[in-house]
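Residues per chain, in single letters:
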Amino acid sequence: MKTINTKKIKILFFFLIFSTSYGQNLLEGVVKNNQDSPIEGVNIVLKGTTSNSTSDVNGKFSIEAKELPFTIIVQYAGFNTKEIKITELPTSPLQIVITTGEEKILSEVVVTSRRRIEKVQDIPIAVSVVSGKQAEQAGAFNVNRIKELVPSVQLYSSNPRNTGINIRSLGSPFGLTNDGIDPGVGFYVDGVYYARPAATTLDFIDVDRIEVLRSQGSLFGKNTTSGAFNITSRKPSFISGADFEVSYGNYAFLQAKASITGALSKKIAGRLSFSGTQRDGLIENVVTGKPTNTLNNQGIRGQLLYTPSENTNVLLAADITTQRPDGYAQVVAGVAPTKRAPYRQFDAIIADLNYQLPSLNAFDRKIDQDTPWRSGQDLGGASINVDTKIGGGTLTSTTAWRFWNWDPSNDRDFTGLQVLAKSQNPARHTQFTQEVRYAGQVTSKLSGVVGVFFIDQEVKIDGTEESGRDQWRFSQSTTSPLWATPGLLDGYGIKTNSSINSTSAAVFGQLDWAVTERLHVLPGIRYNYDKKKEIITVKRMEVWKLTTLP
């Protein structure tokens, strides 16, 4: 894992000190129960915004507001929610006492699943919410871990390019990758659509909450027929703060997270976040004597928040993630007989090649694969998000550019034999997206979302599939002695250059008509336009050792 040098530490320290001079209306307080004991983990929300704070082990919290007066909402599971209006800042920490109650057992969680700020208890759709703190406590630092916390979510991945995410068993097919297939489950981070499923394998960086929607095809501009992951990062704050966390586990697992935020001027705040994860391999390669399937991930994310007026926020964000695992190797769990002739059975083939598997017990975690495993990927991008309050709603514009570079090397025969000597399909993906939407209250009983979405993306593949010296025996289809030529198909293969360009646009919208307090009608529509163009160039590599075959 990379270490932060002294120069970088000085820059972060200066950023923190500099930001302390631009605080706004800072409210400090202490939350206790009616036995005068402090309560940890109480959620304090600035009413009408998404700004929030959490009390520490001593019940202390601090939260900022742009101007007086303002109202805070104090929420904690098992206690009555309390609203407090602040007309002037107290000279000493505000003392808040909350009491248990039978009516409000659950804390009111604020989400943006329907592209507007709402309480999750008031949303008439299927949505699961995992807070950033919950994810951290459970060690869920990516989607593969989050699936263990959210019912009906499935993620399958033999490597980032071969990744499929489903909700309620609906989504993308898992297996041989088709780079022209769009995922059935949308993946959104701070309103930005991530087009390739590989993006779901990145480590979360400074996440505030993760919302999982089920079958909501008219709330987003792209690919949410099966549902969507809507991830929200922690935003820059005008109150200076810093967090640092280190976790350690077996197999030399080490994970470090750091975040620093504060004001840069009266109208600009910044946030810089870092995440790094490293772990030794779980599988032993008996040939090299080294473990494989390691973790080696680093990511950094920077944000600038500009508030030109009370009704407008502009958020500029950029991030980059690098992953260099020696990984995704798979062990042999056993050999099953087939209906083929005896000489075409696996045991007969490896016997003729004088080869033996290192183990048939998957729990031995041993391999002897002779092609190096490489699963390097870089992904990142930049976005600008503008929110402006107009009338009873908010007009939002999200512009983003992202990239994904995939650099693999695989041993596709999964043995120490040279059957498939090379299986490499590097990919380069870029995307540009633009979304404009309006969400808000139309009348007292009618609210909704309407928007337009555009994406242009391109995937370039430069692939190689090449046979090795032992391929002849696996391909043998007769007992003719002409096949008994070691290295017969050595060097035979295919080189593929392909380019897939996809342009897509959509108009979408959904209304929420509150017929009664308990009955809502939710009509929605999305109209898509998709155009895809694919160019493929295939070059065969042939090296034959015989001129005649039966």
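Residues numbered from 1 in each chain as written. Predicted model: local features only at pLDDT ≥ 70, side-chain atom pairs only at ≥ 80, totals over all residues. Heavy atoms only, no water.

Asks: Hey, could you go over the confidence of the model for the protein chain for me, with residue numbers and the actual values?
Replies: Scored by pLDDT, the protein chain comes out at a mean of 83, with 87% of its residues at no less than 70. Across residues 102-106, confidence stays below pLDDT 50; counting only partners more than four residues off in sequence or on other chains, it has 7 contacts. Taken together, the stretch residues 544-550 has pLDDT below 50 and engages in 17 contacts with residues farther than four places along the chain or on a different chain. (pLDDT = per-residue confidence, 0-100. Contact = heavy atoms within 4.5 Å.)

Asks: Before we move on, can you summarise the pairing of strand β24 (residues 312-323) with the specific residues and values?
Replies: By the bridge criterion, 11 bridges tie strand β23 (residues 295-309) to β24 in an arrangement that is antiparallel. Bridging across to β24, tyrosine 306 finds its partner in valine 314. (Pairing = 2+ DSSP bridges. Helix = DSSP H or I, 4+ residues; strand = E, 2+ residues; numbered from the N terminus.)

Asks: Which residues make up the sheet that holds strand β16 (residues 207-214), and what values do they have?
Replies: Here we have 5 strands laid out as an open sheet, ordered β10-β16-β17-β14-β15, and mixed in their pairing. Across the chains shown, the open sheet's two edge strands, defined by having one partner strand only, are β10 (127-131) and β15 (192-193).

Asks: Could you give me a rundown of the environment of phenylalanine 403, with the residues and numbers involved?
Replies: In this fold, phenylalanine 403 is placed in strand β27 (residues 393-409). The residues touching phenylalanine 403, leaving out its near neighbours within four places in the chain, are Ile320, Asp378, Leu379, Gly380, Gly381, His429 and Thr430.

Asks: Break down the sheet that holds strand β1 (residues 25-32) for me, citing the residues and quoting the values.
Replies: Judged by pairing direction, the sheet is mixed, and its 3 strands sit side by side in the order β4-β1-β7 without closing on themselves. Strands at the two margins of the open sheet, each flanked by one partner only, are β4 (60-65) and β7 (94-97). Adjacent strand axes in the sheet meet at a mean angle of 35 degrees when their direction is disregarded. (Axes fitted to C-alpha atoms, helices over the stretch in contact; angles between N-to-C directions.)

Asks: With reference to specific residues and values, describe the pattern of salt bridges.
Replies: In this structure the tally under the stated criterion is 14 salt bridges. The partner of arginine 301 in a salt bridge is aspartate 190, and the shortest N-O contact between them spans 2.5 Å. Placement of the pair is arginine 301 in strand β23 and aspartate 190 in the loop between β14 (185-189) and β15, with a sequence separation of 111 residues. The class for arginine 301 is buried, based on a relative accessible area of 7%. (Salt bridge = Lys/Arg side-chain N within 4 Å of Asp/Glu carboxyl O. Buried < 20%, exposed > 50% of the residue type's maximum accessible area, 1.4 Å probe, protein only.)

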